[in-house]
Amino acid sequence: MINQVTLVGRLTKDPELRYTVEGKAVLNITLALNRHYRNAQGEFDADFVLCTLWNKVAENTAKYCSKGSIVGIMGRIQTRNYENHDGKRVYVTEVIAVSVKFMGGRTKDERPAVSSQPAG
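Per chain, residues are indexed from 1 in the order of the written sequence. Whole-chain, interface and lining totals are the exception, using all residues; otherwise, since this is a predicted model, local features are given only for residues with pLDDT of at least 70 and side-chain atom pairs are given and counted only at 80 or more. Note that the side-chain values use all heavy atoms of the structure and ignore hydrogens as well as water.

### Regarding the packing of aromatic side chains
Part 1 of the argument: Pairs were defined over the aromatic rings of Phe, Tyr and Trp, the Trp ring being its six-membered one, requiring ring centres within 6.5 Å. Orientation was assigned from the angle between planes: stacked under 30 degrees, edge-to-face over 60, tilted for the rest. Overall, the coordinates contain one aromatic pair when judged by the stated rule.
Part 2 of the argument: A centroid spacing of 6.2 Å and a plane angle of 45 degrees characterise the contact between Y64 and F102, whose relative ring orientation is tilted. With Y64 in helix α1 (residues 55-64) and F102 in strand β6 (residues 89-104), this residue pair connects regions lying 38 residues apart in the sequence. We note that Y64, like F102, is buried. The helix and strand labels rest on DSSP assignments: H or I over at least four residues marks a helix, E over at least two residues marks a strand, and numbering proceeds from the N terminus. The rule is simple: take the accessible area with a 1.4 Å probe, protein chains only, and divide by the maximum for that residue type; under 20% is buried, over 50% is exposed, in between is partly exposed.

### Section: the pattern of salt bridges
Part 1 of the argument: By definition here, a salt bridge exists when the distance from a side-chain nitrogen of Lys or Arg to a carboxyl oxygen of Asp or Glu is within 4 Å. Here the structure, examined in full by the defined rule, presents five salt bridges.
Part 2 of the argument: A salt bridge links R35 to D47; the shortest N-O distance between them is 2.6 Å. Separated by 12 residues along the polypeptide, R35 in strand β3 (residues 25-38) and D47 in strand β4 (residues 44-54) bring together distant segments of the chain.
Part 3 of the argument: Classification of R35 as partly exposed rests on a relative accessible area of 28%.
Part 4 of the argument: Take D47: its relative accessible area is 31%, and that puts it in the partly exposed class.
Part 5 of the argument: Where K56 meets E59, a salt bridge forms, and the shortest distance between an N and an O atom there is 3.8 Å. With a gap of three residues between them, K56 and E59 both fall in helix α1, about one helical turn apart.
Part 6 of the argument: One salt-bridge network, in which partners are shared between bridges, spans R35, D45 and D47.

### Thoughts on the pairing of strand β1 (residues 5-11)
Part 1 of the argument: Sheet topology note: the β1/strand β5 (residues 70-83) ladder contains six bridges and is antiparallel. Bridged to V5 within β5 is G75.
Part 2 of the argument: Any two strands are treated as partners once DSSP identifies two or more bridges connecting them. Pairing of β1 with β3, which is carried by two bridges, proceeds in the antiparallel orientation. Its bridge partner lying in β3, L11 is registered against L31.

All quantities given are derived from atomic positions and should not be read as evidence of function.
Here you go:
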């Protein structure tokens, strides 16, 4: 079985880095991915994909990217679920990033584009 995905898209908002109680960096981002065909109104539709980044990959992405930045993500698809405040089961499908490549667009502080790969 293969569970591997590669996406290239734009960040829909500025990254907000968080840390777990164990001290691990975690970053949730949403990528806007344009479709390659036009809808009935002649416009391109987009898909919005939730991605979760961990550790150094998360820290580097938060440091160098901002809303509108173009990034390439390689990772795997994961589905999880939880019970919300109303007691309803909520299912979330997301991409767990293994690596992120900064491809240009709006980077923070006009820093040059760099690549972020996990150590090891």
